[in-house]
Amino acid sequence: MSDSASTQPQLLHLVIGGELKDVTDFEFEDLSKIDFVGAFPNYKTAYDAWKNAAQRTVDSAETRYFILHAHKLLDPETGAHHSV
């Protein structure tokens, strides 16, 4: 690993997509059909993956892709999690 890569903070980004129930909201039609594009170490590579995935679905008006900024992971073992 190069010195520049080791000095950069690790910023995890997830790219996912799928068909939305309503294009004015963020609720997916079917969560079992989510397209997981990948996990990326920085915004630039996540953006490139998002753009490529979005271009594949240009004919599907209800399909959207998103970049999730997952810099702080949730750990159920340590109690750092959301309420369910």
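How each quantity is defined
Every chain is numbered on its own, with residues counted from 1 as its sequence reads. Two thresholds apply to this predicted model, a pLDDT of at least 70 for residue-level local features and 80 or more for giving and counting side-chain atom pairs, whereas whole-chain, interface and lining totals are computed over all residues. Values reported for side chains reflect all heavy atoms of the structure, with hydrogen atoms and water molecules removed beforehand. Per-residue confidence from the predictor is reported as pLDDT, which spans 0 to 100. Helix and strand labels come from DSSP, where a helix needs a run of H or I of at least four residues and a strand needs a run of E of at least two; each type is numbered from the N terminus. Working definition: rings of Phe, Tyr and Trp (its six-membered ring) pair if their centres are within 6.5 Å, and the pair is stacked with planes under 30 degrees apart, edge-to-face with planes over 60 apart, and tilted otherwise. Any residue under 20% of the maximum accessible area for its type is buried, any over 50% is exposed, and the rest in between are partly exposed; the area is computed with a 1.4 Å probe on protein chains only.

Residues with a pLDDT of 70 or more make up 80% of the protein, whose mean pLDDT is 83. In the model of the protein, helix α1 (residues 3-7) stands out as the element of lowest mean pLDDT, 56, in contrast to strand β2 (residues 35-40), which has the highest, 96.

Going through the model one piece at a time under the given rule, you end up with 4 aromatic pairs. Ring centres of Phe-28 and Phe-66 lie 6.0 Å apart, and the angle between their planes is 90°; on these two criteria the pair is classed as edge-to-face. Placement of Phe-28 in the loop between β1 (13-19) and β2 and of Phe-66 in strand β3 (residues 63-69) is noted, with a sequence separation of 38 residues between them. Here Phe-28 falls in the buried class, since its relative accessible area comes to 14%. Judged by centre distance (5.3 Å) and plane angle (35°), the ring pair of Tyr-47 and Trp-50 falls under tilted. Placement of the pair is Tyr-47 and Trp-50 together in helix α2 (residues 43-56), with a separation of 3 residues, close to one helical turn. Judged by its relative accessible area of 27%, Trp-50 falls in the partly exposed class. Linked through ring pairs, Phe-26, Phe-28 and Phe-66 together constitute an aromatic cluster.

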